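Structure assessment
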Amino acid sequence: TLLMLVTVNVIAFFVSVYSMDYMEKYTEKWNFYSLFLLMIAGMNGVIVSGDMFNLYVFLEIAAISSYALVAFGTEHEELEASFKYAVMGTVASLFILLGIVFLYGFTSTLNMADMSIELARKGSAANIVLFTSVLFIMGFGLKSALVPFHGWLPDAHPSAPAPISAMLSGVLIKSLGVYAIIRIFFSVLGASQAVLNALMVLGVLSMIVGVLLALGQWDLKRLLAYHSISQIGYVVLGIGLGTPLGVLGGLFHLLNHSVFKSLLFLNAGAVEYSTGTRDLQKMGGLKEKMPVTANTSLIASLSISGIPPFNGFWSKLIIIVACVQAQHFAYAFWAV
């Protein structure tokens, strides 16, 4: 929880500094900042809440602000992406709410600590736990854009203004999706082997499919959006291993990805701001015109590729070592 709070708020601080100049080309700036702060408040609420229903309420606050922020440019493409995101986000919220309703009906409490004690006490809870586990994996899987629930992300992230793209890919899908999965499965429902296996399979699928889909992209931000799906796959694979080293690697990669993916999206925003296009085929030779952006992009790209000594290398290495230690050699192979 502390790690996530630090990650979300440090990234949010840098993004808000960046958006001071970037948002000059938009009207209604106060609307942007109000929604932006609401989104941060929602993420912080999800992270600190010890109550299932409050978790859901804060999740909705962050999600609804992000639907509005994706459509902030009000062009055709942005509104379409926002609509798709809103529909799929609402479906995800419905799954999550249903899961909470069933658990509340069974345990008569919404406090997470009480709920885990009640579930442990009632030995017959296996069926209800399995059913709600499926609902939560679908709901939070949609929020964190794991394959096959990733349909909204490649449209939503490129359409949003650059500061919001950085927040969405950098911290939103992690705090509303991955963090909530960890919190609910590891401290409320108890992570059974079946759930961990499901998480590992979804993680490996996301890793491979996300990167294969990124190969054909010429839109700079869309390329980065597909790559987010792949990197979330690494995080979920590490957590799905369920070993101390695996969870450590997953959380470390989550922190690293927040840093370098936010940086890449902010750089993409700077490039689009200067050149007026996101089409990679129309670009080239920007190193002379934008030396600072070129250097920061190089650092972030080396990190995301997992080149030592950059941070992305160490977290991926820990996840791969954890896979080998847990005797999951096939998963280790795919991670490599």
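The following paragraphs examine the structure supplied in this document. A quick note: this is a predicted structure, and the numbers were derived from the prediction, not measured.

1. Quick look at the overall build of the protein
Counting its secondary structure elements, the protein contains 15 helices and zero strands. The globule rule puts the C-alpha radius of gyration for 336 residues at 20 Å, and the 20 Å found for the protein is close to it. Projected onto its principal axes, the C-alpha coordinates of the protein cover approximately 65 × 45 × 30 Å. Scored against the burial criterion, the 336 residues of the protein give a buried share of 54%. With an accessible surface of roughly 14000 Å², the protein has 70% of that area assigned to carbon and sulfur atoms. Separation of charge centres in the protein, based on 16 positive and 16 negative side chains, amounts to 7 Å.

2. Observations concerning the packing of aromatic side chains
Applying the stated rule across the entire model yields 15 aromatic pairs. Judged by centre distance (5.3 Å) and plane angle (65°), the ring pair of F13 and F14 falls under edge-to-face. The same class applies to F13 and to F14, which are both exposed. Ring centres of F32 and F36 lie 5.8 Å apart, and the angle between their planes is 10°; this geometry places the pair in the stacked category. Here F36 and F32 lie together in helix α2 (residues 29-48), a separation of four residues that amounts to about one turn. For F32, a relative accessible area of 0% corresponds to the buried category. Ring-pair connections join several aromatic residues into one group, and the members of that group are Y18, Y22, Y26, F32, Y33, F36, F72 and Y273. Across from the ring centre of F106, 5.0 Å away, lies the NZ or CZ of K122, which sits over that ring.

3. Concerning the nonpolar core
By size, the foremost hydrophobic cluster in this structure holds 94 residues, and its most contacted members are M43, M52, F136, F140 and M167. Looking at which element gives the most residues to this core, the answer is helix α8 (residues 162-189), with 18 residues. Residues M200, V204, I320 and A335 belong to the second largest nonpolar core, which totals 13 residues.

4. Digging into the layout of surface pockets
By volume, the largest pocket is sized at about 480 Å³. In terms of lining residues, the largest pocket is bounded by 21 residues, among which L220, V271, L280, S297 and S301 are the most central. Secondary-structure elements contributing two or more residues to the lining of the largest pocket are α10 (220-241), α11 (244-275), α12 (286-289) and α13 (291-305). Classifying every residue of the lining of the largest pocket by side-chain character gives twelve nonpolar, seven polar and two charged. Quantified by volume, the second largest pocket comes out at close to 260 Å³. Among the elements of the structure, α1 (2-22), α11 and α13 are those that each provide at least two residues to the lining of the second largest pocket. Its residues placed into classes, the lining of the second largest pocket shows ten nonpolar, four polar and no charged.

5. Side note on helix α9 (residues 193-214)
Taking 1.5 Å as the rise per residue, α9 with 22 residues should run 32 Å; its terminal C-alpha atoms sit 31 Å apart, in good agreement. Within the span of α9, buried status applies to V195, L196, L199, M200, L202, G203, V204, S206, M207, G210 and A214. Buried positions along α9 lie against α6 (126-143), α8, α10 and α15 (329-335).

6. As for the packing of α8 against α11
Relative to each other, α8 and α11 sit at 165°, their axes nearing to 6 Å. As the angle between them shows, α8 and α11 are arranged roughly antiparallel. The chirality of how α8 crosses α11 is right-handed. Taken together, the residues of α11 that come into contact with α8 (itself represented by A162, P163, S165, A166, S169, G170, V171, K174, V178, I182 and F186) are V247, L251, L254, H257, S258, K261, S262, F265, L266 and G269. In the contact of α8 with α11, the residues fall into twelve nonpolar, seven polar and two charged.

What counts as what
- Residue indices begin from 1 for each chain and proceed along its sequence in written order.
- The predicted origin of the model limits local features to residues at a pLDDT of at least 70 and limits the giving and counting of side-chain atom pairs to 80 or more, whereas totals for whole chains, interfaces and linings rest on all residues.
- Hydrogens are left out, water is left out, and the side-chain values use all remaining heavy atoms of the structure.
- A run of H or I in DSSP counts as a helix once it spans at least four residues, and a run of E counts as a strand once it spans at least two, with each numbered from the N terminus.
- Two things to know: the radius of gyration comes from C-alpha atoms, and the globule rule equals 2.2 Å times the number of residues to the power 0.38.
- Buried, partly exposed and exposed residues are distinguished by accessible area as a fraction of the type maximum, computed with a 1.4 Å probe on protein chains only: under 20%, between the cut-offs, and over 50%, respectively.
- Shrake-Rupley sampling with a 1.4 Å probe provides the accessible areas, and residues are treated as covered by the protein chains on show and by no other component.
- The convention is simple: Lys and Arg are positive, Asp and Glu are negative, and His and the chain ends are not counted.
- To locate a charge, take NZ of a lysine, CZ of an arginine, CG of an aspartate or CD of a glutamate.
- Geometry of aromatic contacts follows a simple scheme: Phe, Tyr and Trp rings, the Trp one being its six-membered ring, pair when their centres are within 6.5 Å, and the pair is stacked under 30 degrees between planes, edge-to-face over 60, tilted otherwise.
- To sit over a ring, a charge needs its Lys NZ or Arg CZ within 6 Å of the ring centre and within 35 degrees of the ring normal.
- Only buried residues count toward a nonpolar core. Its members are Ala, Val, Leu, Ile, Met, Phe, Trp, Tyr and Cys residues joined through side-chain atoms within 4.5 Å.
- In this analysis the probe radius is 1.4 Å and the grid spacing 1 Å, with only protein atoms considered; a cavity is a set of points the probe fits into but cannot get out of, a pocket is an open set with protein on both sides within 12 Å along at least five of seven lines, and lining residues have an atom within 4 Å of a point.
- Grid points are joined across faces, edges and corners, and a volume is the space filled by probe spheres set on the points.
- In the scheme used here, Gly and all other residues not listed as nonpolar or charged are polar, with Ala, Val, Leu, Ile, Met, Phe, Trp, Tyr, Cys and Pro taken as nonpolar and Asp, Glu, Lys and Arg as charged.
- One less than the residue count of a helix, multiplied by 1.5 Å, gives the span that helix is expected to have.
- Should any heavy atoms of two residues lie within 4.5 Å, those residues are considered in contact.
- A fitted line through C-alpha atoms serves as each axis, taken over the contacting stretch for helices, and the angle formed by two N-to-C directions is quoted from 0 to 180°.
- Note on angle classes: values under 35 degrees are labelled roughly parallel, values over 145 roughly antiparallel, values of 65 to 115 roughly perpendicular, and the remainder oblique.
- For a crossing to be left-handed, the near helix must be turned anticlockwise from the far one by less than a right angle; the clockwise case is right-handed.

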